[in-house]
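Residues per chain are reported as follows:
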Amino acid sequence: MVTLPVPLSDCNSPRRLAELAMVTLAERRLRLEPAGSACGFWAALDVWTRRPQVANRRLSGCRLEAERETRCSDAGLRPLLEELVPGWRDEPGREVNGILLAVTGERAGGRLKVTLRTVIPKTQAESCREIVIQDFENNTATFIPLERHNSEMYTCKKNNIYSFKLRQDKGDELFWFISVSILCPEKWNADGIVYPKLAWLSDVLLTKIVKWSSENKKNNFKSTLSLISVEKYSECYHRLKAKYKDMVKIWPEVTNPEKFVYEDVAIATYLLVLWEAERLEKGLTAKQSFIDLGCGNGLLVHILTNEGHPGRGLDVRKRKIWDMYGPRTCLEECAITPSDDFLFPDVDWIIGNHSDELTPWIPVVAARSSYSCRYFVLPCCFFDFYGKYCRKQTKSTQYRAYLDFIIEVGSACGFKVEEDCLRIPSTKRVCLIGSQRTYSSSCEKRLDEERTQYIRERCSYTVCAGDDTGFSKMKDSASPFPHITDCSVVEDDMMQDSSADTDCSVPNKWGTGFQPREKVEKIRNCGALPRDFVDNVVLQVAKALLKVNQDNYDHNDEDSAKYWHKGGTLSLKNVADLLDCDTLQKLKKECGGLQTLLRNNCQVFEVAHGNVQIRDWSKEKQDKQKEKHTKNLSPDEKRKLLSEACKTRLCWFFVNHPDGCPRIAEKCPFAHGIKELRSRANSRK
């Protein structure tokens, strides 16, 4: 039932406030199991209370100032609020007990949880303090913003109070209602950031609360930015983003500039805030030094150096952008091999940012560099000490299992490993930090022996000579390390014979099985395969597709004199069964294998949802798509684009298809015969 609001003139009256009821903005019906009906609701409210940025992208997050559980007494909540909020005042018309009475429509329940939080916006808008009151007996959560009158006094900001309530459908015990209500809607004052608009509350936030309540999924990862100050992070990130945003315009690499620039800005921001907190905690004045192993484009090193932290980056391959940073940014091209030759006793922090095959070695390098050395690692690709990593248990995701493995490595090296979630444009954004040791410096010798034994045991269980299929089998299926599968794929170029791999006694080296990546990056997208090999696979697959549904012919409007046979559809597995072992072996060494080769030949094939079919160009979908992309080009630009691309390769259908090309020569961008073929300066040999 929706209660009509009280006239505005009465909103400030203490007598009328006690009688005032909330106005329901919207209500949603949902199905909840009786056993956990309220649990899902409170789990959803917990997300909005602790991580509001998940629902509101204009927020950086929030800071939990205090949290208390209490029981409602005759004195109400005033004594508790005076304890949580210094300078709290219950002004006439703003009494919190009267507000709660308006929210619940009855006396507040006996068990309450009161949380004080600061909501932090992404922009330069002012932060907002809020009191969140969870009434577990009445299934009500009330959000009361605080209004600061001066630096020492706070009162309720009644014009922006809202609440969520869960109630059961009287007609069906399996169905429930979740509603959002507000107080004094006529005076609602919203900025759309820390004070949400009414439409957003009812249409967006309520929808998310209902969805989360019914899902009630367990999150296997920590909250975003749980180890640092969200407020300081937001301030620092906006400063760095404005400072380095022009890097996007001059990015010389082939990678996506926006993703890599803003991701490295976010990682640098996290480290700067983390290191600032460390200096305050330890009473340090000098900024921490660092070394980035596998620094890639070097932008993270460049930002940290410009912000006053001495450091350098190492990578096996120099990037084009390195020369643009200037002499202050120290980047070195060298192959990194875990050994005594790559210890850094004078460095405070070892960084592994998407360090690939070096990832499990980062905690080892940090532990052996010095007792005071710490590390930060952001795992991405799944590598063990001597090859590809693969999980054995399937209860968790591959990513979660790999994170647990890297945590295990850090613990075995004597670190207290902390986990946090970064705010970066990546699906793999969990970082692991080893900033504290679990042992005293006098035990270093014993711990190093344990590290060596741990690496040797993993080496003996995970590495052996590969068989003909490119798979590597474990020597002992009863491995004490559940992270390793019985049959894990190991890259040929990372394998040596098993006797060398398991020899960890070579002086200065921690195991000769480690193979750093090559200086010249291999092209593994099927682009370097011989042309004859690719043509044979394409022809073999096309012939097999043409044999499927031989009676199925499509009528071609452009050429009514004949029908064009497009064949049928086969799964990628069935296509793979057509190829011999040598062909499959070559394709396995390429990223994506057979699927990549077929997609590269998009003139001939259409690959979607694990199935392959011959592309039907008579529908001219690609031409329409091309017209859409070239619509805004000038006539000269269109002519140049056509002259560079058209008729530079023979039409596969004209040469190989029994019915020829489904398009006439004038409408086909490929050459119908040698006479139409045009030269191109950069044509593939």
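Novice: Can you help me understand the pattern of salt bridges in this one?
Specialist: When their charged atoms lie close together, side chains carrying opposite charge are able to pair. Scanning all chains against the criterion turns up 29 salt bridges. As a salt-bridge pair, Arg-400 and Glu-419 come within 3.0 Å of each other at their nearest N and O atoms. In this pair, Arg-400 sits in helix H10 (residues 398–412) while Glu-419 sits in strand E14 (residues 415–421), placing the two residues 19 residues apart along the sequence. With respect to class, Arg-400 is no different from Glu-419; both count as buried. Here the residues in one salt-bridge network are Arg-368, Glu-444, Asp-448 and Arg-451, joined through shared partners.

Novice: Whenever I open this one, the sheet that holds strand E22 (residues 611–614) confuses me. Can you help?
Specialist: The pairing of strands in a sheet comes from backbone hydrogen bonds and takes either a parallel or an antiparallel form. Sheet architecture is open: 3 strands sit in the order E20-E22-E21, paired in antiparallel fashion. The outermost strands of the open sheet, each flanked by one partner alone, are strand E20 (569–571) and strand E21 (605–608). Sheet twist, expressed as the average angle between the axes of neighbouring strands with direction ignored, equals 25°. Relative to E22, E20 runs antiparallel, the two sharing 3 bridges. Bridge assignment links Leu-570 to a residue of E22, and that residue is Val-612.

Novice: Can you walk me through the packing of helix H7 (residues 257–282) against helix H8 (residues 299–306) in this structure?
Specialist: Angle between the axes and distance between the axes are the two parameters that describe a pair of packed helices. Look at H7 against H8: their axes get within 9 Å of each other, and the N-to-C directions meet at 40°. The angle between the axes of H7 and H8 places the two elements in the oblique class. For the pair H7 and H8, the sense of crossing is right-handed. The segment H7 lies against H8, with Phe-260, Val-261, Asp-264, Val-265, Ile-267, Ala-268, Leu-271, Leu-272 and Trp-275 engaging Leu-299, Leu-300, Ile-303 and Leu-304. Class assignment for the residues of the contact of H7 with H8 results in 12 nonpolar, no polar and 1 charged.

Novice: Just to check I follow, could you spell out the nonpolar core for this structure?
Specialist: Where a protein is soluble and globular, its nonpolar side chains tend to be buried together. Membership of the largest hydrophobic core comes to 42 residues, with the highest contact counts inside it found for Tyr-270, Leu-304 and Phe-376. Those elements giving two or more residues to this core turn out to be helix H6 (230–244), H7, H8, strand E12 (349–353), strand E13 (374–378) and strand E15 (430–437). Per-element accounting of this core gives the leading share, 11 residues, to H7. Beyond its immediate stretch of four places on either side in the chain, Phe-376 contacts Ile-267, Tyr-270, Leu-271, Trp-349, Ile-350, Ile-351, Gly-352, Leu-422, Cys-431, Leu-432 and Ile-433.

Novice: Even after reading the chapter, I still don't get the sheet that holds E13, so can you show me in this structure?
Specialist: Reading across the sheet, the 7 strands line up as E11-E10-E9-E12-E13-E15-E14 and stay open at both edges, with mixed pairing between neighbours. At either margin of the open sheet sits one strand with a lone partner, and together these are strand E11 (330–333) and E14. Taken over all neighbouring pairs, the strand axes of this sheet differ in orientation by 20° on average, direction set aside. Across the sheet, H10 touches E13, E14 and E15, and the angle it forms with E14 is around 150°.

Novice: How should I be thinking about the pairing of E22 in this particular structure?
Specialist: Working note: regular strand, side chains alternate between the two faces of the sheet. Where burial is concerned, the two faces of E22 differ: the one with Val-612 and Ile-614 is buried and the one with Asn-611 and Gln-613 is not. The pairing of E21 with E22 spans 4 bridges and is antiparallel. If you follow Ala-608 over to E22, its bridge partner there is Asn-611. Counting the residues in the hairpin turn of E21 and E22 gives 2 residues, including His-609, whose phi is positive at 55°.

Novice: What is the right way to read the side chain of Asn-138 from this model?
Specialist: Here Asn-138 is to be found in the loop between strand E4 (128–135) and strand E5 (140–150). Asn-138 sits in the buried class, given a relative accessible area of 12%. Among the polar contacts listed, one links the side chain of Asn-138 to the side chain of Asp-135, at a separation of 2.7 Å.

Novice: For this particular structure, what's the right way to read empty space enclosed by the protein?
Specialist: Scanning all chains against the criterion turns up 3 cavities of 30 Å³ or more. Size it by volume and the second largest cavity reaches roughly 60 Å³. Forming the walls of the second largest cavity are Trp-48, Pro-52, Asn-56, Leu-59, Arg-117, Val-119, Glu-130, Tyr-162, Ile-193, Val-194 and Pro-196. Along the lines of polarity and charge, the residues of the lining of the second largest cavity split into 8 nonpolar, 1 polar and 2 charged.

Novice: Looking at this model, I keep getting lost on a nonpolar patch on the surface. Mind explaining?
Specialist: Side chains of Leu-650, Phe-654, Val-655, Ile-674 and Leu-677 sit close together on the surface and give an oily, nonpolar patch of about 450 Å² of accessible area. Here Phe-654 is to be found in helix H19 (residues 652–656). Take Phe-654: its relative accessible area is 40%, and that puts it in the partly exposed class.

Novice: Is there a simple way to think about the confidence of the model for the protein chain in this case?
Specialist: As a general rule, the predicted coordinates of low-pLDDT regions are not to be interpreted in detail. In this model, the protein chain carries a mean pLDDT of 80, and residues with pLDDT of at least 70 account for 76%. Scored below 50 in pLDDT, residues 463–507 makes 106 contacts in the model with residues more than four places away or belonging to other chains.

Novice: Before we go on, may I ask you to explain the packing of H6 against H7 in this structure?
Specialist: The interhelical angle for the contact between H6 and H7, taken along N-to-C directions, is 135°, at an axis separation of 9 Å. By the angle class used here, H6 and H7 are oblique. Along this stretch, H6 crosses H7, giving a crossing that reads as right-handed. Contacts between H6 and H7 involve Lys-232, Tyr-233, Cys-236, Tyr-237, Leu-240, Lys-241 and Tyr-244 on the former and, on the latter, Val-261, Tyr-262, Val-265, Ala-266, Thr-269, Tyr-270, Leu-272, Val-273, Glu-276 and Leu-280. A per-class count over the contact of H6 with H7 returns 13 nonpolar, 1 polar and 3 charged.

Calculation rules
Residues numbered from 1 in each chain as written. Predicted model: local features only at pLDDT ≥ 70, side-chain atom pairs only at ≥ 80, totals over all residues. Heavy atoms only, no water. Salt bridge = Lys/Arg side-chain N within 4 Å of Asp/Glu carboxyl O. Helix = DSSP H or I, 4+ residues; strand = E, 2+ residues; numbered from the N terminus. Buried < 20%, exposed > 50% of the residue type's maximum accessible area, 1.4 Å probe, protein only. Pairing = 2+ DSSP bridges. Axes fitted to C-alpha atoms, helices over the stretch in contact; angles between N-to-C directions. Parallel < 35°, antiparallel > 145°, perpendicular 65-115°, else oblique. Left-handed = near helix turned anticlockwise from the far one by under 90°. Contact = heavy atoms within 4.5 Å. Nonpolar A, V, L, I, M, F, W, Y, C, P; charged D, E, K, R; others polar. Core = buried A, V, L, I, M, F, W, Y, C linked by side-chain atoms within 4.5 Å. Polar contact = N/O pair within 3.5 Å; in protein donor to acceptor, adjacent residues only side chain to side chain. 1 Å grid on protein atoms, 1.4 Å probe; cavity = no way out; pocket = protein on both sides within 12 Å on 5 of 7 lines; lining within 4 Å. Points joined across faces, edges and corners; volume = space filled by probe spheres on them. Patch = residues over 30% accessible without salt bridge, like charges linked within 9 Å, V, L, I, M, F, W, Y side chains within 5 Å. Areas by Shrake-Rupley, 256 points an atom, 1.4 Å probe, with all protein chains shown as cover. pLDDT = per-residue confidence, 0-100.

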